[in-house]
Amino acid sequence: MTRTAWVFPGQGSQAIGMGMDLEDLPLAQARFAEAETVLGWSVPKLVQDPDDKVSNTLYTQPCLYVIESILADLLQVKGHQPDAVAGHSLGELTAVCASGAMRFEDGVRMVQRRAQLMQQAGENHPGGMAAILAMDAEMLDEVCKEA
């Protein structure tokens, strides 16, 4: 028996133009309109901005949530149902919505507030995150000391 899990990514998986292949689908249009009512701005317009506004935390998180939710909705409309859902960081909220435990518009509100708080935290405590790949412990220790 095959079991299926849907796993939703978090911040860092965004890209200019993401989700634009969904723009003409009625289900996506309805979700984009619902999100715009809550957010006060258009996800499709923002993700197409050549200044890469979609990589600003304030916008990244709502855009990812909305687009990931639309993709999950489209799969469900086609009769697909996951046996389990999960997400990394922000993707956890999309997983909650995809499971049916949270309404889409409530998730938009929650993600918008989360993004605002994370944006403020970054402004008050500058820093960042990085993935460390193919680095031995000695080299990592040296890089940390320099930072």
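As the structure is a computational prediction, the values presented were derived from the model and not from experiment. (Residues numbered from 1 in each chain as written. Predicted model: local features only at pLDDT ≥ 70, side-chain atom pairs only at ≥ 80, totals over all residues. Heavy atoms only, no water.)

**Things to note about the overall build of the protein chain**
Right, on to step 1. Across its full length, the protein chain carries 6 helices and 2 strands.
Right, on to step 2. In sequence order, the secondary structure elements of the protein chain are arranged as β-α-α-α-β-α-α-α.
Right, on to step 3. In terms of overall dimensions, the protein chain has C-alpha extents of about 50 × 45 × 25 Å along its principal axes.
Right, on to step 4. A total of 147 residues make up the protein chain; the buried ones form 36% of that total. (Helix = DSSP H or I, 4+ residues; strand = E, 2+ residues; numbered from the N terminus. Buried < 20%, exposed > 50% of the residue type's maximum accessible area, 1.4 Å probe, protein only.)

**Remarks on the packing of helix H3 (residues 57-77) against helix H5 (residues 104-124)**
Right, on to step 1. Remark: H3 packs on H5, axes separated minimally by 7 Å, with the N-to-C direction vectors making an angle of 155°. On the basis of the axis angle, H3 is roughly antiparallel to H5. Judged by the twist between their axes, the crossing of H3 over H5 is right-handed. In this structure, H3 contributes Thr57, Leu58, Gln61, Pro62, Tyr65, Val66 and Ser69 to the contact, and H5 contributes Phe104, Gly107, Val108, Val111, Gln112, Arg114, Ala115, Gln116, Met118 and Gln119.
Right, on to step 2. Class assignment of the residues belonging to the contact of H3 with H5 gives a composition of 9 nonpolar, 7 polar and 1 charged. (Axes fitted to C-alpha atoms, helices over the stretch in contact; angles between N-to-C directions. Parallel < 35°, antiparallel > 145°, perpendicular 65-115°, else oblique. Left-handed = near helix turned anticlockwise from the far one by under 90°. Contact = heavy atoms within 4.5 Å. Nonpolar A, V, L, I, M, F, W, Y, C, P; charged D, E, K, R; others polar.)

**Let's talk about the nonpolar core**
Right, on to step 1. Counting residues in each nonpolar core, the largest one holds 27 residues, and the members touching the most others are Val43, Val47, Cys63, Tyr65, Val66 and Val108.
Right, on to step 2. Looking at this core, the elements with two or more residues in it are helix H1 (26-39), helix H2 (43-47), H3, helix H4 (91-98) and H5.
Right, on to step 3. Top element by residues in this core is H3. It accounts for 7 residues.
Right, on to step 4. With near-sequence residues (within four places) excluded, valine 43 lies in contact with Phe32, Cys63, Val66 and Ile67.
Right, on to step 5. Core analysis: the second largest hydrophobic core is formed by 5 residues, Trp6, Phe8, Ala95 and Ala98 among them. (Core = buried A, V, L, I, M, F, W, Y, C linked by side-chain atoms within 4.5 Å.)

**What about helix H6 (residues 137-146)?**
Right, on to step 1. The buried fraction of H6 amounts to 0 of the 10 residues, a small share that puts the element mostly on the outside.
Right, on to step 2. The distance from a side-chain oxygen at the start of H6 to the backbone nitrogen of glutamate 138 is 3.2 Å, and the residue carrying that oxygen is aspartate 136. (Polar contact = N/O pair within 3.5 Å; in protein donor to acceptor, adjacent residues only side chain to side chain.)

**Remarks on H3**
Given 3.6 residues per turn, any residue in an α-helix points the same way as the ones three and four places further on.
Right, on to step 1. Helix length check: H3, at 21 residues, gives a terminal C-alpha distance of 30 Å against a target of 30 Å (1.5 Å per residue), a fit within 8%.
Right, on to step 2. By the criterion of burial, H3 is predominantly enclosed, with 15 of the 21 residues buried.
Right, on to step 3. Looking at the residues trailing H3, positive phi occurs at glycine 79, about 95°. (Expected span 1.5 Å × (residues − 1).)

**Quick look at a negative patch on the surface**
Right, on to step 1. A cluster of acidic side chains, namely Asp136, Glu138, Glu142 and Glu146, defines a negative patch on the protein surface.
Right, on to step 2. By the element assignment, glutamate 138 lies in helix H6. (Patch = residues over 30% accessible without salt bridge, like charges linked within 9 Å, V, L, I, M, F, W, Y side chains within 5 Å. Areas by Shrake-Rupley, 256 points an atom, 1.4 Å probe, with all protein chains shown as cover. Salt bridge = Lys/Arg side-chain N within 4 Å of Asp/Glu carboxyl O. Lys, Arg positive; Asp, Glu negative; His and termini not counted. Charge placed at Lys NZ, Arg CZ, Asp CG, Glu CD.)

**Here's the deal with a nonpolar patch on the surface**
Right, on to step 1. A contiguous nonpolar patch, built from Ile132, Met135, Met139 and Val143 and spanning about 340 Å² of accessible area, is present on the exposed surface.
Right, on to step 2. One can find methionine 135 in the loop between H5 and H6.

**Re the pairing of strand E1 (residues 5-8)**
Right, on to step 1. Burial along E1 is one-sided: Trp6 and Phe8 are buried, and none of Ala5 and Val7, which face the opposite way, are.
Right, on to step 2. Here 4 bridges tie E1 to strand E2 (residues 84-87), and the two strands are oriented parallel to one another. Its bridge partner lying in E2, valine 7 is registered against alanine 86. (Pairing = 2+ DSSP bridges.)

**Re the confidence of the model for the protein chain**
Right, on to step 1. Taken residue by residue, the protein chain gives an average pLDDT of 92. The fraction at 70 or more is 96%.
Right, on to step 2. Per-residue pLDDT, averaged within each element of the protein chain, yields its smallest value for H6 (84) and its largest for H1 (98). (pLDDT = per-residue confidence, 0-100.)

**Things to note about the pattern of salt bridges**
Right, on to step 1. The full count for this structure, using the stated rule, is 7 salt bridges.
Right, on to step 2. Of the charged contacts in the structure, one is a salt bridge between aspartate 73 and arginine 31, with a shortest N-O distance of 2.7 Å. Placement of aspartate 73 in helix H3 and of arginine 31 in helix H1 is noted, with a sequence separation of 42 residues between them.
Right, on to step 3. By relative accessible area, aspartate 73 is classed as buried at 13%.

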